[in-house]
Amino acid sequence: GEQLRRANSAEKQVKEDFDQHKEAAASASAEALEEEQAMEREFKKKTDSMVQQFNESLAQQGARLEEAQRRKQELLNAQDDHDAAQAALQEQLKKIEDDK
């Protein structure tokens, strides 16, 4: 009977030790998971911030490009107006010459 009682006691002790290890492992893995999730959140925050900055930069470049294209068009229109005015002036000069 004594041996059986000791065997049961030893078995109980082994089970308790095992349960403690299991709890410690579960706790450690929960902490590790929390840490990993915190790192993922930080990484996502940084990545989102970089993407946002890139998009803003792209938008600014797009706006500058549109402005440059608008100015170029204005210059081309002014050049056309100038050419048309010059042609009209030469036409008038030719008429004056012809009328002499």
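Residues numbered from 1 in each chain as written. Predicted model: local features only at pLDDT ≥ 70, side-chain atom pairs only at ≥ 80, totals over all residues. Heavy atoms only, no water.

So, the overall build of the protein
From N to C terminus, the protein includes one helix and zero strands. Counting the 100 residues in the protein, one finds 0% classified as buried. Accessible surface, the protein: about 9600 Å² in total, of which carbon and sulfur atoms supply 55%. Of the side chains in the protein, 16 bear a positive and 24 a negative charge, and the two mean positions are spaced by 3 Å. (Helix = DSSP H or I, 4+ residues; strand = E, 2+ residues; numbered from the N terminus. Buried < 20%, exposed > 50% of the residue type's maximum accessible area, 1.4 Å probe, protein only. Areas by Shrake-Rupley, 256 points an atom, 1.4 Å probe, with all protein chains shown as cover. Lys, Arg positive; Asp, Glu negative; His and termini not counted. Charge placed at Lys NZ, Arg CZ, Asp CG, Glu CD.)

A short note on the environment of Glu36
Relative to the elements of secondary structure, Glu36 occurs in helix H1 (residues 2–99). Measuring from C-alpha to C-alpha, the distance between Glu36 and Phe18 comes to 26 Å, with 18 residues separating the pair along the chain.

Quick notes on the pattern of salt bridges
A full pass over the atoms with the stated rule returns ten salt bridges. Glu67 is the salt-bridge partner of Arg71, the closest N and O atoms lying 3.3 Å from each other. Of this pair, Arg71 and Glu67 both sit in helix H1, four residues apart, roughly one helical turn. In this structure Glu67 comes out as partly exposed when scored by relative accessible area, which is 27%. In this structure, a network of salt bridges that share partners links the residues Glu67, Arg70, Arg71 and Glu74. (Salt bridge = Lys/Arg side-chain N within 4 Å of Asp/Glu carboxyl O.)

Description of a nonpolar patch on the surface
A cluster of nonpolar side chains, contributed by Leu89, Leu93 and Ile96, occupies part of the molecular surface with about 290 Å² of accessible area. With respect to the helices, strands and loops of the structure, Leu93 is situated in helix H1. Looking at Leu93, the relative accessible area reads 49%, which means it is partly exposed. (Patch = residues over 30% accessible without salt bridge, like charges linked within 9 Å, V, L, I, M, F, W, Y side chains within 5 Å.)

The quantities given are spatial measurements derived from coordinates; they are silent on function.
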